[in-house]
Amino acid sequence: MTQDLPNERPLIEIRELTKVYGKGDIAVHALRGVDVTAEPGEFVAVMGPSGSGKSTLMNILGCLDRPTSGRYVLDGQDVSKLDKDQLASVRNKKIGFVFQSYNLLPRLTAVKNVMMPMLYNGHSRITDTERRTRAIEILESVGLGERVNHKPNELSGGQQQRVAIARALVNNPAIILADEPTGNLDTRAAQDIMDLLNELHKNGATILMVTHELDIAEHAQRVIYLIDGKVASDRTQASGIAHLHNGNGTQHIAIGVSR
Amino acid sequence: MTTFQTLKIAWEGLTLNKVRSFLTTLGVIIGVAAVIVMLAISAGAEAEVADQINALGANLIMIMPAFGRGGFGPGTGMPASLQYDDLAKIEENVTGISGVSAQQDTTQDVKAGNTTLTDISVVGTTSGFIAVHEYAVAEGRFINGEDNDRANKVIILGYDVAQELFGDQSAIGQAVKVGSTKLTVVGVMSQKGVVGNTDYDGRVYVPITLVFKRWTNARFNRDALRVVYVSAESKKTMDSVMAQLNDLVMQILDTTPDSPGFTLTTQDSIIDMRTSTTETFRNLLAWVAAISLVVGGIGIMNIMLVSVTERTREIGLRQAMGARPRDVQLQFLLEAIVLSLIGGLAGVLAGVGGSWLFNEFGSMRTEIVWASIPLAFGAAAAVGIFFGYYPATKAAQLDPIVALRHE
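(A) Examining the overall build of chain A more closely. Helix and strand content of chain A: seven helices and 11 strands. Per-residue burial for chain A yields a buried fraction of 46% across its 259 residues. Long-range pairs, those at least 24 residues apart, make up 66% of the contacts in chain A between residues at least 6 apart in sequence.

Right under this line is the structure:
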């Protein structure tokens, strides 16, 4: 692995990461020594067939799970040995999750869903009004300023995913982890969400996205391909954003460049 | 995350399933209501006993013949009994007493002019009656010693009897026919009302010797006093009076401590008996309360477990957003506590209302013990904490990855 920007500290650095489920004969080796480094501001897609270990990798990157061995340094902090409470704190402050099925709480309005991560960030001195103001700002920035008091069932799939992205952004995370963010959406809504993620990326956000759709992965600068718990390929794509889409007039041809 | 915020989240969780939340609290409602009704009933019963005792006259001792095997007394088959004359001996020889009286009742028709009252309780007694029973004469006089010595044909009317027979007219000096015997009214009693089972105002009072003479079968040792009431001056003199009575009555009846031929009964022994009845009832209700609180608690635990399963994804999501295990635990624990406290509140209302209904429309006297309300709330909160702990801990221990994938 080369470092593209040697002067800057990598945001994610994992070394010799392994994850084994079970013991002895029935042990499943989900990850067999993975090394990945990601710099701040990168937009990385993780691909691979099912069983390749990409979900396991995302869980560990999201601090939802701990590796069996190896090192994971996130934003300068070694998180591979943290306990449950410390991991919860890291998830709250450093990571914004975007899920395939949005995972909004159906009984809460958009703004309350967005406020939720702020409830767990330990700043109990922040008033409810301040949280609300912040949540509305974020919702406006993702284009849902008119929908803050709608409940999820009053929103389209694309809008729900926008709320979820707003929720992921609300605590200013170091990294956004998106797990099949367009998996439940039609082509148009998917394009919409990818446009939003591209915009966030342009504004400096670091995004790690799991997907099995090639045209979605092509939005990323860099694609890591996992097979059998190991990195099979790790390539940076030309000029970042690549559209293979007829909707907005511009057409870019994605050219993958092997490293 | 402050507790208040968690409380808000817990409340949102509960309002999600209002009917279910209500049904879940029913057990706690019943349990708490039972606690309050239970204490109200036993307080009411205690007050009732205290009232009766006060009405009977304080520090009362009853001397009753003991009906032992084979009987006592010379050849009658009946136990030896105190006679009317013995009352004077007690009065003279026992110190620390405020009154001595005996009672022999009969039931007769009472007639004055054209008015006939059927089956009136005729109380044959002595001058000590009013002192022993703390009863007062409104007009005229009560039975005196001379009335009994000569078996005078005089009668004192209870308040209601006087009203019914003579209305607003003065009854004093009027003639009243009791059974077939003509008596002269010498007094009317003041109003006392019903105490226990005794309607003081609906009775008439005559010399006890008159009852012996006119209405008691001569074959049955007719001068025998079935009960003698002695009232002690105060609680302090009770023991001394009891001891003196014991010796004196044994001497009069010529008996030994092995088979004295009589028993001395005090108010205390009556209180003890009633208290033990009340206690039995109270214990029963305490068990009802305890069982329904436990059953209610199990209901809460059950529904919380269902809730944890239903909201597994929510728990996973909250964990992903940074909720620590203890945040999740507190959320579900507070839900259980809020649920049981709402049950407690409804139970307090039901208990207070139920106690009031018992008192107003039921046969039972109740007095709400206000201290039982915080007690009941405490019990409800304890139930919530105890039975909410396991589901809350289970929720807190969920693996976020598994929880997020839960369908």
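We are not done yet, so read on.
(B) Focus on the nonpolar core. Counting residues in hydrophobic clusters, the biggest one holds 123 residues, and the most contacted among them are A:Val46, A:Val114, A:Ala166, B:Val32 and B:Ile36. The greatest single-element share of this core, amounting to 14 residues, is contributed by helix 2 (residues 18-56) of chain B. Not counting residues within four places of it along the chain, the set of residues in contact with A:Ala166 comprises A:Val114, A:Ile138, A:Leu139, A:Val142 and A:Leu144.

(C) Structural view of the interface of chain A and chain B. Tallying the contact residues gives 19 residues for chain A and 18 residues for chain B. Ranked by residues supplied to the side of chain A that touches chain B, first place goes to helix 2 (residues 84-94) of chain A with six residues. A per-class count over the side of chain A that touches chain B returns eight nonpolar, six polar and five charged.

(D) Up close: the sheet that holds strand 4 (residues 69-74) of chain A. All names here are of chain A. If you trace the four strands from one edge of the open sheet to the other, you get 2-1-4-5, paired in antiparallel fashion. If you trace the sheet from one side to the other, it starts and ends with strand 2 (28-38) and strand 5 (77-78), each paired once. Two elements, strand 1 (residues 12-21) and strand 4, share five bridges in a ladder whose sense is antiparallel. What sits directly across from Ile-12, in strand 4, is Leu-74.

(E) Representation of the pairing of strand 1 (residues 60-65) of chain B. Residues and elements named next belong to chain B. Where strand 1 lies against strand 11 (residues 228-232), four bridges are found, and the strand directions are antiparallel. Residue pairing for strand 11: Leu-60 is matched across the bridge by Ser-231. Here strand 1 pairs with strand 12 (residues 262-266) via five bridges, running antiparallel. Looking across to strand 12, one finds that Ile-63 is bridged to Leu-264.

(F) The arrangement of helix 2 of chain A in detail. Of the residues making up helix 2 of chain A, those classed as buried are A:Leu87, A:Ala88, A:Val90, A:Arg91, A:Asn92 and A:Lys94. Check the buried side of helix 2 of chain A and you find it contacts strand 4, strand 6 (95-98), helix 3 (110-119) and strand 7 (175-179) of chain A together with helix 10 (312-320) of chain B.

(G) Structural view of unusual backbone geometry. You will see that A:Cys63, though not glycine, has its phi angle at about 60°, which is positive. For A:Cys63, the location among the structural elements is in the loop between helix 1 (54-61) and strand 4. Assessed through the 25 C-beta atoms surrounding it within 10 Å, A:Cys63 is described here as buried. Positive phi outside glycine occurs at B:Asp119, with the angle close to 50°. Following the sequence through the fold, B:Asp119 ends up in strand 3 (residues 115-125). Exposure remark for B:Asp119: the 8 C-beta atoms within 10 Å place this residue in the exposed category.

Cut-offs and rules
Residues numbered from 1 in each chain as written. Chains lettered and ligands numbered in written order. Predicted model: local features only at pLDDT ≥ 70, side-chain atom pairs only at ≥ 80, totals over all residues. Helix = DSSP H or I, 4+ residues; strand = E, 2+ residues; numbered from the N terminus. Buried ≥ 20, exposed ≤ 12 C-beta atoms within 10 Å, placed from the backbone. Contact = placed C-beta atoms within 7 Å. Core = buried A, V, L, I, M, F, W, Y, C linked by C-beta atoms within 7 Å. Nonpolar A, V, L, I, M, F, W, Y, C, P; charged D, E, K, R; others polar. Pairing = 2+ DSSP bridges.

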